[in-house]
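Fold and contact review
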Amino acid sequence: MSVLIVISTAIAFVMAWFLLKVGLTGWVAMPITLAVALGITYFFSRGLTTPLRQMRDAAEAMAEGDYTVRVQTGTDSNDEIGMLARSFNEMAEELQHADQMRNDLIANVSHELRTPVSALQAMLENLADGVVEPTPANMESILNQTHRLSDLIAFLLDLSRMEAGAASLQIERFNFADFIDETIEPLEIADSGHAHTIDMHVPDDLTMEGDQDRLRQLFTNVIGNALKHSPDDTAVLIETHENKTNDTIVTNVVNFGSQIPIEARSDIFRRFVKGKTGPGTESGGTGLGLSIARWAAQLHGGTVRVVDDPRGADFEITLPKHHIQADVAKSARSGDA
């Protein structure tokens, strides 16, 4: 802008001097000089205002729901307008990503709800029409579908809490081995028929501080995921040890079904991402379990990740033995990121 003013002023001065030199009066030279100066200013200023006009048009398009528009001019410049153009494009990308996530959420939830609801409807219609008898097996099938619906609703409620960042923790001290025993008991019941065994190596005298309900979500989802992706008649290993140097409790949940590729290890913790299934493994699920598991771990200032293990897929859960305050936990999560 400064260069433009200097150039316009210099040209106006030279032109006024020249017109006066050739004998024109000031009343004639002045309008001509002003017109030329304004023309030059307008011509050169278009390069400055083009990105602003594009941003105006893009903002109007985004207001109407089109988040694909971008500013094309001025993004390579290092001045304020170039910085504004790049920031505008970054904002547009974030809005487009958020809109895509919203659409994906609606589509995935609709898909997940449709399956158990359709199954329930078909079963109940058959019962009402007398096509099938209300045998214990049929009633158990209906009960299983209602459990699936209940789990999905619970997952979605946890997801809404996770998005809102609202989660209160009820901290208490408890025996870790007893906690794991209580956690795997319903998993073993639900897993009946697959002939999985759960081998535990957890010290009996190990204690920790935390919210048992949230931690039960964490371990239930990780162990349940290991059972789901293990072939029948195989074992799932749970190993726990205390890291006294870092004052943490480290638990490894290992299934011997399949390895997880390195490039997929971060994706499986994203919402609605389902792991691949192989022969003898169980399909289904919401794709929310591991995402909620990571959230529950982070609430306690801990982590959950996939580590290298020649035996199979190894999920390593690291939790502080003693409760840390929310601001410390937040700082720790930022450091992990």
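Residues numbered from 1 in each chain as written. Predicted model: local features only at pLDDT ≥ 70, side-chain atom pairs only at ≥ 80, totals over all residues. Heavy atoms only, no water.

- An unreviewed UniProt entry annotates the chain as histidine kinase of Bifidobacterium thermophilum RBL67.
- Check the Catalytic activity (unreviewed entry) section of the UniProt entry for the chain; it says "ATP + protein L-histidine = ADP + protein N-phospho-L-histidine."
- In its Subcellular location (unreviewed entry) section, UniProt records this for the chain: "Cell membrane". (UniProt positions renumbered as here; feature names shortened; annotations may be inferred.)

1. Re the nonpolar core
- F176, L218, F219, V222, I223, F315 and L319 are the most contacted members of the largest nonpolar core, which has 35 residues in total.
- Going through the elements one at a time, α5 (176–190), α6 (212–228), β4 (235–243), β5 (248–255), α7 (289–299), β6 (303–307) and β7 (313–320) are the ones with two or more residues in this core.
- Top element by residues in this core is α6. It accounts for seven residues.
- Counting residues in hydrophobic clusters, the runner-up holds seven residues, among them A58, V71, A85 and F88. (Core = buried A, V, L, I, M, F, W, Y, C linked by side-chain atoms within 4.5 Å. Buried < 20%, exposed > 50% of the residue type's maximum accessible area, 1.4 Å probe, protein only. Helix = DSSP H or I, 4+ residues; strand = E, 2+ residues; numbered from the N terminus.)

2. Looking at the environment of I32
- Locating I32 in the fold gives a position in helix α2 (residues 26–63).
- I32 sits 16 residues away from A16 along the chain, and the two C-alpha atoms are 8.3 Å apart.
- Ignoring sequence-local partners within four residues, the contact set of I32 consists of M15 and L19. (Contact = heavy atoms within 4.5 Å.)

3. Some words on the pattern of salt bridges
- If you walk through the whole model with that rule in mind, you get seven salt bridges.
- Between E239 and R311 there is a salt bridge, with the nearest N and O atoms lying 3.5 Å from each other. One end of the pair, E239, is in strand β4; the other, R311, is in the loop between β6 and β7, with 72 residues separating them in the sequence.
- Judged by relative accessible area, which is 27%, E239 ranks as partly exposed.
- K321 is paired through a salt bridge with E242; the nearest N and O atoms lie 3.1 Å apart. Taken together, the residues K321 in the loop between β7 and α8 (326–336) and E242 in strand β4 connect sequence positions 79 residues apart. (Salt bridge = Lys/Arg side-chain N within 4 Å of Asp/Glu carboxyl O.)

4. Let's talk about the packing of α6 against α7
- Orientation of α6 relative to α7, taken along the N-to-C sense of each, is 145 degrees, at an axis distance of 8 Å. In this structure, α6 crosses over α7, and the sense of that crossing is left-handed. Contacts between α6 and α7 involve R214, Q217, L218, N221, V222 and N225 on the former and, on the latter, G289, L290, I292, A293, W295, A296, A297 and L299. (Axes fitted to C-alpha atoms, helices over the stretch in contact; angles between N-to-C directions. Left-handed = near helix turned anticlockwise from the far one by under 90°.)

5. So, empty space enclosed by the protein
- By the definition in use, this model includes one cavity of 30 Å³ or more.
- In this structure, the largest cavity spans a volume of roughly 30 Å³.
- What lines the largest cavity is M208, E209, H300, L319, P320, H322 and H323.
- Those elements giving two or more residues to the lining of the largest cavity turn out to be β3 (207–210) and β7. (1 Å grid on protein atoms, 1.4 Å probe; cavity = no way out; pocket = protein on both sides within 12 Å on 5 of 7 lines; lining within 4 Å. Points joined across faces, edges and corners; volume = space filled by probe spheres on them.)

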